Amino acid sequence: MNHSNEEKEPRKSLNFIESIIEEDLRNNKNDSRVHTRFPPEPNGYLHIGHAKSICLNFGLAQKYNGKCNLRFDDTNPTKEEQEYVDSIMEDVRWLGFDWEDRLFYASDYFDQLYAWAEKLILDGKAYVDDQPAEEISRQRGTPTRPGIESPFRERTVEANLELFRRMKNGDFPDGSHVLRARIDMASPNMHMRDPVLYRILHTPHDRTGDKWCIYPMYDFAHGQSDYLEGITHSICTLEFEIHRPLYDWFLDNLIETEYRPRQIEFARLNLSYTVMSKRKLLELVKEGYVSGWDDPRMPTVTGLRRRGYTPESIRNFADRIGVAKRDNVIDVALLEHSIREDLNRKALRVMGVLDPLKIVITNYPEGKSEELEAVNNPEDESMGRRVIPFSREIYIEQGDFMEDPPRKFFRLSPGNEVRLRYAYIIKCEEVVKDADGRIVELRCTYDPDTRSGGPAANRKVKGTIHW
RNA sequence: UGUCCGAUGGUGUAACUGGCAACACGUCUGAUUUUGGUUCAGAAGAGUCCAGGUUCGAGCCCUGGUCGGACAACCA
């Protein structure tokens, strides 16, 4: 006998990131803090794929009583614009998340990053390379062949330091020098073959102005930024997986504390029939194929918003698709299901005719009109009712009438009846056409007893249409 | 001839320290319905990439393959 009728806790299963976090928590890693971040580069508008990442990062912070920062990864002034940072903040807020006072920019850390670069030079772990990009690229080898070392790799610390300072001071033109980490040109991981740390860019930065003409690369900025912000779990997409050894290398060589952020990768969202690449979306906007980033056909957050998606529906969607490391293509039908589910519950219903076809109800008295009552939301009576005027002449949707209907057509056709929603059952008696044979009007009769609430209101007909 | 990652119904995601493969979307059937929606009831659909091994027992562990993805910007 089962004395305790308690069932086994249905215990919601954890995704792989939650499992990692819970293990870290059990081990009291990083003082059992959970601190994530959403780190977009402000070079475009956010799309539904970013929404997945936002829901993930902010959601994890909420679930584990932690925090989530918003950080702009603005290390490349040639691609970034204020318009994008504004839109990103708006979209994140609209989705329902709050970074509170934790709004950061990678550019906030340029001084510290620069100091770290000098430290690497002093430790003999970084050097200035005078070769052009093409040469460096050539020397890097291929994934299956080791690279060769730069002729500048053995420069003295003093020479490197002086050169790097001159780079910073603007003594050199773009592309003439870079600072590189001195790691291993034979590494099977391409990213460990003396990656570039700093490049010269005589381009003013939206936030630092003319202060800098050298800018750190993503790899040199990201992990350290995570560190500076106290991030514990740095969640990014799969393509950065191979960068992880480098992410760890900088931390290992730059900091001495026990605390360390950890990079975790997940598979980005792909949606069926949907273009998601930032580059292509930018092209659609720039070439004028769409009206803008908020064109309702765009998969951007702002486009979805304009299209009528709610934040709740997108959050539910993000929840439902889960998170894993295998490549995936989510059926867009799931996104659509999410918005229908939400809107069905809370959208106000009204009737509207987009493509009108005139109806004259021949047995309805001329000059008469009456007021009919309609519910605003059949799913929720508390949303109230409204009154709609009805008279001898009304309009229905062209598509709701077919002169020669196929077998399963349930709407209006010659000699057939339909119900006008919230009104009467009408019957099509005559089709009026113009000289070109186009249907311009339908002459119908109505059954006065079938008004909603009336004596024959329950009489069934196959179809109900709006008007 | 490299390194890293992945492989479970049509699509996604689960299966807690190995124990009858579950949930959602989609599809199909039926009922209800004043919009072919919603709601409700039900069904079909995978034996977990392959081959070995360990085990009473493997989707989970081990070995070896196969297939797919990522990596050769002074992009992120």
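Whatever comes next refers back to the structure up there.
Residues numbered from 1 in each chain as written. Chains lettered and ligands numbered in written order. Predicted model: local features only at pLDDT ≥ 70, side-chain atom pairs only at ≥ 80, totals over all residues. Heavy atoms only, no water.

Caption draft 1: Examining the protein's contact with RNA strand B more closely. Within the structure, RNA strand B sits among 61 residues, and Thr-75, Met-190, Arg-326, Arg-421 and Ser-452 are positioned closest to it. Near the protein, within 4 Å, the atoms of RNA strand B are sugar or phosphate in 62% of cases. The contact in question runs from a base nitrogen of RNA strand B to an N or O atom on the side chain of His-466, over 3.1 Å. Broken down by secondary-structure element, the contributors of at least two residues to the surface near RNA strand B are helix H5 (133–139), strand E6 (196–200), helix H11 (311–321), helix H12 (332–346) and strand E17 (464–465). For the surface near RNA strand B, the element with the highest residue contribution is H12, accounting for four residues. Tallied by class, the residues present in the surface near RNA strand B amount to 24 nonpolar, 18 polar and 19 charged. (Near = heavy atom within 4 Å. Polar contact = N/O pair within 3.5 Å; in protein donor to acceptor, adjacent residues only side chain to side chain. Helix = DSSP H or I, 4+ residues; strand = E, 2+ residues; numbered from the N terminus. Nonpolar A, V, L, I, M, F, W, Y, C, P; charged D, E, K, R; others polar.)

Caption draft 2: Just the packing of aromatic side chains, in detail. This structure, assessed with the given rule, holds 21 aromatic pairs. For the ring pair Tyr-45 and Trp-293, a centre distance of 4.9 Å and an interplane angle of 15 degrees mean the geometry is stacked. One end of the pair, Tyr-45, is in the loop between strand E1 (35–38) and helix H2 (48–63); the other, Trp-293, is in the loop between helix H9 (278–286) and helix H10 (301–307), and 248 residues separate them in sequence. Each member of the pair Tyr-45 and Trp-293 is classed as buried. In textbook terms, an aromatic cluster arises when at least three aromatic residues are bridged by ring pairs, as seen for Phe-110, Tyr-114, Phe-164, Tyr-198, Trp-212, Tyr-215, Phe-220, Trp-249 and Phe-250. Over the ring of Tyr-114 we find Lys-168, and its NZ or CZ is 4.6 Å from the ring centre. Taking NZ or CZ as reference, Arg-207 lies 3.5 Å from the ring centre of Tyr-105, over its face. (Phe/Tyr/Trp six-rings, centres within 6.5 Å; stacked < 30°, edge-to-face > 60°. Buried < 20%, exposed > 50% of the residue type's maximum accessible area, 1.4 Å probe, protein only. Lys NZ or Arg CZ within 6 Å of the ring centre and 35° of its normal.)

Caption draft 3: Structural view of the environment of Ala-181. You can see Ala-181 is positioned in strand E5 (residues 178–181). By relative accessible area, which is 0% here, Ala-181 ends up buried. Sequence separation between Ala-181 and Asp-206 is 25 residues, and the spatial gap between their C-alpha atoms is 27 Å.

Caption draft 4: Structural detail: empty space enclosed by the protein. For the coordinates displayed, the defined rule picks out one cavity of 30 Å³ or more. Here the largest cavity is characterised by a volume of approximately 30 Å³. No other element matches helix H7 (residues 218–229), which puts four residues into the lining of the largest cavity. In the lining of the largest cavity, the residues fall into two nonpolar, four polar and one charged. (1 Å grid on protein atoms, 1.4 Å probe; cavity = no way out; pocket = protein on both sides within 12 Å on 5 of 7 lines; lining within 4 Å. Points joined across faces, edges and corners; volume = space filled by probe spheres on them.)

Caption draft 5: Quick peek at the layout of surface pockets. The volume enclosed by the largest pocket comes to roughly 1000 Å³. Looking at the largest pocket, it is lined by 37 residues, and the ones nearest its centre are His-50, Glu-239, Phe-240, Arg-268 and Lys-278. The residue makeup of the lining of the largest pocket, split by class, is 13 nonpolar, 12 polar and 12 charged. Within this model, the second largest pocket holds a volume of roughly 510 Å³.

Caption draft 6: View of the nonpolar core. By size, the foremost hydrophobic cluster in this structure holds 38 residues, and its most contacted members are Phe-164, Leu-179, Leu-197, Tyr-198 and Phe-220. The dominant element in this core, judged by the number of residues it contributes, is helix H4 (residues 110–122), at seven residues. Core analysis: the next-biggest nonpolar cluster, separate from the first, contains 33 residues, Ile-48, Val-85, Val-92 and Phe-317 among them. (Core = buried A, V, L, I, M, F, W, Y, C linked by side-chain atoms within 4.5 Å.)

Caption draft 7: The arrangement of the side chain of Ser-272 in detail. If you trace the backbone, Ser-272 turns up in the loop between strand E9 (262–266) and H9. Judged by relative accessible area, which is 13%, Ser-272 ranks as buried. A distance of 2.9 Å separates a polar side-chain atom of Ser-272 from the backbone nitrogen of Val-332.

Caption draft 8: Region of the structure containing the sheet that holds strand E15 (residues 425–433). In spatial order, the strands read E13-E10-E16-E15-E14-E17; together these six strands make up an open sheet with mixed pairing. In this open sheet, the two edge strands, each paired with only one partner strand, are strand E13 (393–397) and E17. Across two bridges, strand E14 (residues 417–420) lies against E17 in parallel orientation. In the sheet register, Leu-420 faces E17, and the bridge partner there is Ile-465. (Pairing = 2+ DSSP bridges.)

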